[in-house]
Amino acid sequence: MSEELATGPKESPPAPRAGPREVWKKGGRLLSVLLAVNVLLLACTLISGGAFNKVAVYDTDVFALLTTMMLLAALWILFYLLRTVRCPDAVPYRDAHAGPIWLRGGLVLFGICTLVMDVFKTGYYSSFFECQSAIKILHPLTQAVFVIIQTYFLWVSAKDCIHIHLDLTRCGLMFTLTTNLAIWMAAVVDESVHQAYSHSSSHSNASHSRPAPDPKRMGSRVGGDCPCNTAVCQVFQQGYFYLYPFNIEYSLFASTMLYVMWKNVGRLLASSTHEHGHSPSWVSLFQETFFAGPVLGLVLLMLGLAVFIIYGVQVSGEGGHTQQALVIYYSFNIVCLGLMTLVSLSGSVIYRFDRRAMDHHKNPTRTLDVALLMGAALGQYAISYYSIVAVVVGMPRDMLGALSLAHALLMIAQHTFQNAFIIESLHRGPPGAELHGLPPREPCLTFANLDALHTLPACPATPRWVDPSQTGPQEAMAIILAPRGHWRRRYLKDISLFLLLCNIILWIMPAFGARPHFSNKVEVDFYGYSLWAAIVNICLPFGIFYRMHAVSSLLEVYVLS
């Protein structure tokens, strides 16, 4: 709707100047993208180099780079906030679709967990300050300051369409986005190395050769010169590793919001879009549902938590119950993925009867959501296809191989049908945007007495008059009829909430350490540990991000339904 207004009479006068402005916008974007690519490649080189034992890059080098990037990004954010406060005309327009309340709320939640992680990390490195570099303590403190400043910045400025110092703003936003991506990559690499070390420690008698982390590079996490012997140190160590998933999601949420801000630099919108947006009323959030979706989703969420706990206990234990834990884990995932596939497919079928018009207007937020959904799903697609090849070619003759094959096939189907449902939902117009030329909906009220018309509540539909002789006495009579599409909207809301809750539990399991890819020997025996670990460590972070991004998109689908 905002784009319709933007093409109205208000923007027609500056049309002659649109050409030069658009050319300069592309030049500024190219400059900022080149800056981001170069900085990101430098960060990737140091971070990935620090993950290998034979490369003379240590975690102190990575911490120094990240600390410098966060300080520069924080200084630019403060400059941006000060500049926009002093210049009231700097932000003449605000994008109503950018930075919805649930996205900013999720950013604040993950930011708080990141601050707790920084406290644990500071306490962990402070436990042996005498044998550690000062940068290891400075890094979490700097990250805490950066998270506070950036969270406030995105909360108040996520909708800005700034119109001053365009090139400087684009470069600053891209540099801040690159900083978040570098933090995300460092966290993913650190967590992957930790998972590999934990797995190699618990399977030290296995026949496969596994790369052992270098004690000097990994510090006291694996021993080395600064052992973590005290109970407080071990609490800090385990605490900040369990909080890594929140730090990872915070960086990705911030990156998506910064990208939308970058796209909105210099954008022209109508002034009436200031207050328009999709903000759900928390009082009526669950009123227009059948409650079947939320209830079933909550049941699967609780069952998933129980399965996750059982899996973690049995796999890490010494009783030899790994195969039983994998059977329980795969069985739950197969049931959950099967239900999600059927529900997503039914939602797409319902849209075949939906009369709402498709929204084809320019919307950077929606374009980014679709691109991230499709791109992040590739990670899980890759893991699934590798698993299918290993099972089919290797031909294991046991239940675990069959469960692994069914799990991989359902994972592909679930991602495909869920993406189709979400993308079509995001392109649907809001309720009331029916296609032209279709017959009108049923009237809401049918009156039998003309004199009673002004005494009854107003109805959005046009009243239809009926012969009094057909309805009995001369008295007012109102028949409340629900609109034809009402059940479809309620069913779509149930579908959205069910898929939302299922994606949450499917995010929790891998984000907090469930790695059946390594416990299941089918892929490890077929590809070898080194190749399979590289595949999983590269692709799984995208699959984890897909789940949380799907949660955000499904919440918007719920509101739009």
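Structure shown above.
Right, let's walk through the structure included here. In this text, all values refer to a predicted model and were calculated from it rather than measured experimentally.

### Quick word on the pattern of salt bridges
What the rule picks out here adds up to five salt bridges. Among the ionic pairs, Arg94 bridges to Asp160, the shortest N-O distance being 2.6 Å. Residue Arg94 is found in strand β1 (residues 93–94), and its partner Asp160 is found in strand β2 (residues 160–161); the two are separated by 66 residues along the sequence. Looking at Arg94, the relative accessible area reads 24%, which means it is partly exposed. In this structure Asp160 comes out as buried when scored by relative accessible area, which is 6%. Note that Arg170 and Asp167 form a salt bridge whose closest N and O atoms lie 3.5 Å from each other. Pair noted here: Arg170 and Asp167 are both in helix α6 (residues 166–202), with a separation of three residues, about one helical turn. Since its relative accessible area comes to 1%, Arg170 is described here as buried. Asp167 sits in the buried class, given a relative accessible area of 18%.

### Some points on the environment of Thr178
Its location among the elements puts Thr178 in helix α6. For the pair Thr178 and Leu40, spaced 138 residues apart in sequence, the C-alpha separation works out to 5.9 Å. The residues contacting Thr178, other than those within four sequence positions of it, are Ala36, Val39, Leu40 and Met69. Here the side chain of Thr178 touches Met174 through a polar contact of 2.7 Å, landing on its backbone oxygen.

### Some details on the packing of helix α11 (residues 322–351) against helix α13 (residues 399–426)
Relative orientation of the contacting elements α11 and α13 amounts to 30 degrees, with a least axis distance of 8 Å. Regarding the angle of α11 to α13, the classification is roughly parallel. The crossing of α11 and α13 is left-handed. Its residues placed into classes, the contact of α11 with α13 shows 18 nonpolar, twelve polar and one charged.

### Concerning the environment of Gly297
By secondary structure assignment, the location of Gly297 is in helix α10 (residues 292–316). Classification of Gly297 by relative accessible area gives buried; the value is 0%. When near neighbours in sequence (up to four residues on either side) are disregarded, Gly297 contacts Phe498 and Leu501.

### Notes on helix α14 (residues 486–511)
With 26 residues, α14 extends 37 Å between its outermost C-alpha atoms, agreeing within 8% with the 38 Å of an ideal straight helix rising 1.5 Å per residue. Among the 26 residues of α14, 20 are classified as buried, and the element is accordingly described as predominantly covered. Phi for Gly513, located one or two positions after α14, is positive at around 110 degrees.

### A word on the packing of aromatic side chains
By the definition in use, this model includes 25 aromatic pairs. Geometrically, the ring pair formed by Tyr124 and Tyr125 is tilted, given 4.9 Å between the ring centres and 55 degrees between the ring planes. Taking the relative accessible area as the measure of exposure, Tyr124 reaches 1% and is therefore buried. Exposure remark for Tyr125: the relative accessible area of 5% places this residue in the buried category. Between the aromatic rings of Phe246 and Phe512, the centroid separation amounts to 5.5 Å while the plane-to-plane angle is 65 degrees, which identifies the pairing as edge-to-face. Residue Phe246 is located in helix α9 (residues 244–263), and its partner Phe512 is located in the loop between α14 and α15 (516–519); the two are separated by 266 residues in the primary sequence. Among the aromatic residues, those joined into a ring-pair cluster are Phe63, Tyr124, Tyr125, Tyr240, Phe241 and Tyr244. The positively charged end of Arg29 is found above the aromatic ring belonging to Trp262, 5.6 Å away from the centroid. Here Arg104 stacks its cationic end above the ring of Trp155, 4.8 Å away from the centre of that ring.

### A few points about the environment of Thr256
Along the chain, Thr256 turns up in helix α9. Taking the C-alpha atoms as reference points, Thr256 and Leu368, 112 residues apart in sequence, are found 7.6 Å from one another. Those residues in contact with Thr256 that lie beyond four places of it in its chain are Leu368 and Leu372. Side-chain polar atoms of Thr256 contact the backbone oxygen of Phe253, separated by 2.6 Å.

### Some words on the nonpolar core
Judged by nonpolar contacts, the single largest core of 134 residues is most densely connected at Phe153 and Phe421. For this core, the element with the most residues is helix α17 (residues 529–560), which contributes 16 residues. Leave out the neighbours within four places in its chain, and Phe153 touches Trp76, Ile77, Tyr80, Leu81, Ala158, Leu173, Leu258 and Met261.

### Regarding the packing of helix α12 (residues 364–394) against α13
If you want to describe how two helices pack, look at the angle between their axes and the distance between the axes. In contact at an axis separation of 9 Å, α12 and α13 are set at 165 degrees when each is read in the N-to-C sense. If you check the angle between α12 and α13, you find them roughly antiparallel. The interaxial crossing formed by α12 with α13 has left-handed handedness. A class-by-class count of the residues in the contact of α12 with α13 yields 17 nonpolar, eight polar and two charged.

Reading the values: the criteria
Residues numbered from 1 in each chain as written. Predicted model: local features only at pLDDT ≥ 70, side-chain atom pairs only at ≥ 80, totals over all residues. Heavy atoms only, no water. Salt bridge = Lys/Arg side-chain N within 4 Å of Asp/Glu carboxyl O. Helix = DSSP H or I, 4+ residues; strand = E, 2+ residues; numbered from the N terminus. Buried < 20%, exposed > 50% of the residue type's maximum accessible area, 1.4 Å probe, protein only. Contact = heavy atoms within 4.5 Å. Polar contact = N/O pair within 3.5 Å; in protein donor to acceptor, adjacent residues only side chain to side chain. Axes fitted to C-alpha atoms, helices over the stretch in contact; angles between N-to-C directions. Parallel < 35°, antiparallel > 145°, perpendicular 65-115°, else oblique. Left-handed = near helix turned anticlockwise from the far one by under 90°. Nonpolar A, V, L, I, M, F, W, Y, C, P; charged D, E, K, R; others polar. Expected span 1.5 Å × (residues − 1). Phe/Tyr/Trp six-rings, centres within 6.5 Å; stacked < 30°, edge-to-face > 60°. Lys NZ or Arg CZ within 6 Å of the ring centre and 35° of its normal. Core = buried A, V, L, I, M, F, W, Y, C linked by side-chain atoms within 4.5 Å.

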